[in-house]
Amino acid sequence: MSHPDFYNGLLDWPLYGPKDGEIADLVLELADKGLRLAEIECRIKQNLRAWLDEIEAAGTTAPLPRP
């Protein structure tokens, strides 16, 4: 893979997750509100899938501007 982040986190993502601690903090906050981890992961997956669908529909690999 020739991605610029391949050796800077992307390779280890399946094992260690994100480097951004705020993501873990948000997951813990949601769990503290009573959400189950499976629900949180499902929402993350839905949003990433929707973002990927937008990128593929636009025919680009660059990030789309977010509102």
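Our structure is the block above this text.
Residues numbered from 1 in each chain as written. Predicted model: local features only at pLDDT ≥ 70, side-chain atom pairs only at ≥ 80, totals over all residues. Heavy atoms only, no water.

### A closer look at helix α3 (residues 21–32)
Over its 12 residues, α3 runs 16 Å from end to end, which matches the ideal 16 Å to within 8%, given 1.5 Å per residue. One or two steps after α3, the chain reaches G34, where phi turns positive at roughly 105 degrees. (Helix = DSSP H or I, 4+ residues; strand = E, 2+ residues; numbered from the N terminus. Expected span 1.5 Å × (residues − 1).)

### A few points about the packing of aromatic side chains
Applying the stated criterion across every chain yields a total of one aromatic pair. Ring plane angle 85 degrees and centroid distance 4.8 Å describe the contact between F6 and Y7, whose orientation is recorded as edge-to-face. (Phe/Tyr/Trp six-rings, centres within 6.5 Å; stacked < 30°, edge-to-face > 60°.)

### Looking at the pattern of salt bridges
Taken as a whole and assessed by the stated rule, the structure comprises one salt bridge. R49 is paired through a salt bridge with D53; the nearest N and O atoms lie 4.0 Å apart. Pair noted here: R49 and D53 are both in helix α4 (residues 37–58), with a separation of four residues, about one helical turn. Overall, the relative accessible area of 47% leaves R49 in the partly exposed class. Among the residues examined, D53 registers a relative accessible area of 38% and is labelled partly exposed. (Salt bridge = Lys/Arg side-chain N within 4 Å of Asp/Glu carboxyl O. Buried < 20%, exposed > 50% of the residue type's maximum accessible area, 1.4 Å probe, protein only.)

### Let's talk about α4
Between the first and last C-alpha of α4 there are 32 Å, a value that for 22 residues agrees with the 32 Å anticipated at 1.5 Å per step. Once α4 finishes, G59 follows within two positions and takes phi at roughly 70 degrees, a positive value.

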